[in-house]
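# Geometric and topological summary
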Amino acid sequence: MTTASDPQAGRLFAALPTQDPPAMARLHERLVDQAQREGVLDVAYRTLDTPVGRLLLASTVQGLVKVAFAVQDHNAVLRRLADDVSPRILEAPARLDEASRQLEEYFAGRRTRFDLPLDWRLSKGFRREVLTHLREIGYGHTESYAEVAAAAGSPRAVRAVGTACATNPLPLVVPCHRVVRSDGSAGGYAGGPDAKLRLLAMERAA
Amino acid sequence: MRRPFEQIVAEYGPMVLRVCRAVLGPQDAEDAWSETFVSALKAYPDLPPDANVEAWLVTIAHRKSVDVTRAAARRPTPVETLPERPGVTGRPEDWDGDLWRALKALPARQRQAVAYHYLAGLPYKEIAALCGGSTDAARRAAADGIKTLRGTYPRLTDQSGVTR
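Model, not experiment: these values are computed from the prediction. (Residues numbered from 1 in each chain as written. Chains lettered and ligands numbered in written order. Predicted model: local features only at pLDDT ≥ 70, side-chain atom pairs only at ≥ 80, totals over all residues.)

We now examine the UniProt feature "domain: RNA polymerase sigma factor 70 region 4 type" (unreviewed entry) in chain B. Under the present numbering, the feature "domain: RNA polymerase sigma factor 70 region 4 type" (unreviewed entry) in UniProt falls on residues 98–148 of chain B. Annotated as 80% helix and 0% strand, the span residues 98–148 of chain B places its first and last C-alpha atoms 14 Å apart. (UniProt positions renumbered as here; feature names shortened; annotations may be inferred. Helix = DSSP H or I, 4+ residues; strand = E, 2+ residues; numbered from the N terminus.)

Put into structure tokens, the structure is as follows:
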């Protein structure tokens, strides 16, 4: 980081650590606390290790706004959140304690539905209608894309239902993995086809 | 397209802490750092995307350091009355008290010029804009500061293992 004209002079400061992880951890925590208190922490996030890989969870003050799989590239997801929601983003796990707890219970087979405040702002229009309907598909059940289209009031919009599922900002919590092809095969998934099969198998077994 | 603020903290946080420590010493540096980053977080959405983030943060840190220095001057127990050698807390992050004693002895202007140039990499022109005075005056302040430090803080390169 030192771009000084005289490297000899820069060496005078060798006693001042360039990296001080304990101090940074302390200061980061203090920053999160103060940002929360002053209402300027627009997006808090954390990661959570699960059987379908590491998840990124992000929350606004309204509620959970984004769940992303590792294959979606967490850094890219955070950059999009900076654009779409706010760049005031900090890693602040406390705001996601409840979401993390419920997801852990879900993966342990002890939870069949999520009870969390959700921030729907990343989904609009027909897609959002589709996603709202998905919350009614119960644990261990599936519907075909065509059935979901019919339930959403647009039986011909099968492809649009596929898009709504593919762009679901809140996978797992809004169970787009329960929407499968009419022939019974699983179809695509933001977390990858293996993750979808794994979730469906897990719910069937429970 | 703006980066998430978390990345700004990770990338520039350590540099700003070094600058605050060099300008304010171990006692007040963390207060100044906190004030700087809360203030930066608030203003961040309005920062032009092509802005020089490093210079922006040092500018805020400079203002906060001035505030912290003023607040410290109003404290009932001034820093000067503390024992010459700070108590050993055993924390690994405690940095060398000798360096801070040497820095503290410099005029504030020189200490700022040295820190902003050698630790933050700010050009003298920007340091002048920040601290007042001309670019040449900023350059001289940094040079004088370094010259004094070489005399008052003599351990410098000998122990770094680079020159021997």
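Once you've had a look at it, read on.
Taken together, the 39 residues of chain A in the interface contact 39 residues of chain B. Within the residue set of the side of chain A that touches chain B, elements represented by two or more residues are helix H1 (7–10), helix H2 (21–37), helix H3 (74–84) and strand S4 (89–91) of chain A. For the side of chain A that touches chain B, the element with the most residues is H2(A), which contributes 9 residues. (Contact = placed C-beta atoms within 7 Å.)

A few words on the nonpolar core. Core analysis: the largest hydrophobic core is formed by 98 residues, its most contacted members being Leu57(A), Leu90(A), Val161(A), Val16(B), Val19(B), Cys20(B) and Ala115(B). For this core, the leading source of residues is helix H1 (residues 5–24) of chain B, giving 12 residues. If near-sequence neighbours (up to four positions away) are discounted, Val161(A) is found in contact with Val130(A), Tyr145(A), Val148(A), Ala149(A) and Ala152(A). (Core = buried A, V, L, I, M, F, W, Y, C linked by C-beta atoms within 7 Å. Buried ≥ 20, exposed ≤ 12 C-beta atoms within 10 Å, placed from the backbone.)

To continue, consider the environment of Ile137(A). Residues and elements named next belong to chain A. Residue placement: Ile137 occurs in the loop between helix H5 (125–134) and strand S5 (143–144). Looking at Ile137, the number of C-beta atoms within 10 Å reads 19, which means it is partly exposed. Taking the C-alpha atoms as reference points, Ile137 and Val148, separated by 11 residues in sequence, lie 9.5 Å from one another. Every residue in contact with Ile137, bar those within four places of it in the chain, is listed here: Glu143, Pro175 and Arg178.

Residue and element names in this part refer to chain A. Taken domain by domain, chain A comprises domain 1 (21–107) and domain 2 (125–205). Listed per partner, the contact involves 10 residues of domain 1 and 11 residues of domain 2. The element contributing the most residues to the side of domain 1 that touches domain 2 is strand S3 (residues 64–68), with 4 residues. Classifying every residue of the side of domain 1 that touches domain 2 gives 8 nonpolar, 1 polar and 1 charged. (Domains from an automatic or database assignment. Nonpolar A, V, L, I, M, F, W, Y, C, P; charged D, E, K, R; others polar.)

A rise of 1.5 Å per residue sets the reference length of helix H2 (residues 26–43) of chain B, with its 18 residues, at 26 Å; its end C-alpha atoms lie 27 Å apart and thus fit the reference within 8%. Along H2(B), the residues classified as buried are Asp28(B), Ala29(B), Ala32(B), Trp33(B), Thr36(B), Phe37(B), Val38(B), Ala40(B) and Leu41(B). Looking at the buried residues of H2(B), the elements they touch are H2 of chain A together with H1 and helix H3 (53–74) of chain B. (Expected span 1.5 Å × (residues − 1).)

The next thing to look at is the pairing of strand S2 (residues 53–59) of chain A. Residues and elements named next belong to chain A. Across the 7 residues of S2, 5 count as buried, placing the element largely inside the fold. Of the pairings in the sheet, the one linking strand S1 (residues 43–50) to S2 comprises 7 bridges and is antiparallel in character. Across the sheet, Arg46 pairs through a bridge with Leu57, a residue of S2. Between S1 and the antiparallel strand that follows it, S2, lie 2 residues. Where S2 lies against S3, 4 bridges are found, and the strand directions are antiparallel. By the bridge assignment, Leu57 is partnered in S3 with Val67. (Pairing = 2+ DSSP bridges.)

To continue, consider H3(A). Think of an α-helix as turning once every 3.6 residues; residues three or four places apart then point the same way. Residues and elements named next belong to chain A. Those residues of H3 not exposed but buried are Leu78, Leu81 and Ala82. Taken around the axis of H3, the buried residues stretch over an arc of 105°, which confines them to a single face. Structural note: H3 exposes Ala76 and Asp83 on the side pointing more than 90 degrees away from its buried face. Contacts made by the buried residues of H3 are with S1, S2, S3 and S4. (Arc of directions from axis to C-beta.)

Another aspect to go through is the sheet that holds S2(A). Residue and element names in this part refer to chain A. Strand order in the open sheet formed by 4 strands is S3-S2-S1-S4, with mixed pairing between adjacent strands. The two strands at the open ends of the sheet, each matched to only one other strand, are S3 and S4. Recorded for the sheet is a direction-independent mean angle of 25° between the axes of neighbouring strands. Lying on the sheet, H3 is in contact with S1, S2, S3 and S4; it crosses S3 at an angle near 155°. (Axes fitted to C-alpha atoms, helices over the stretch in contact; angles between N-to-C directions.)

Now for unusual backbone geometry. Residues and elements named next belong to chain A. The residue Asp73 is not glycine, and still its phi comes out positive at about 70°. Mapped onto the secondary structure, Asp73 falls in the loop between S3 and H3. The partly exposed category is assigned to Asp73, around which 13 C-beta atoms lie within 10 Å. Its identity as a non-glycine residue notwithstanding, Leu172 has a phi of 75°, on the positive side.

A few words now on the packing of helix H6 (residues 124–131) of chain B against helix H7 (residues 135–152) of chain B. Residues and elements named next belong to chain B. Contact geometry of H6 with H7 gives a least axis separation of 8 Å together with a crossing angle of 100°. Viewed along their axes, H6 and H7 adopt a mutual orientation that is roughly perpendicular. Contacts between H6 and H7 involve Tyr124, Lys125, Ile127, Ala128 and Cys131 from the first element and Thr135, Ala137, Ala138 and Arg139 from the second. The residue inventory of the contact of H6 with H7, partitioned by class, reads 6 nonpolar, 1 polar and 2 charged. (Parallel < 35°, antiparallel > 145°, perpendicular 65-115°, else oblique.)

The next thing to look at is the packing of H2(A) against H2(B). Between two packed helices, both the angle of their axes relative to each other and the distance between the axes serve to describe the pair. Between H2(A) and H2(B), the shortest axis-to-axis distance is 10 Å and the interhelical angle comes to 45°. It follows that H2(A) is oblique to H2(B) by the angle criterion. The two elements H2(A) and H2(B) meet at a crossing, and its hand is right-handed. Along the contact surface, H2(A) presents Leu27(A), Arg30(A), Leu31(A), Gln34(A) and Ala35(A), while H2(B) presents Glu30(B), Trp33(B), Ser34(B), Phe37(B), Val38(B) and Leu41(B). Split into classes, the residues belonging to the contact of H2(A) with H2(B) amount to 7 nonpolar, 2 polar and 2 charged. (Left-handed = near helix turned anticlockwise from the far one by under 90°.)

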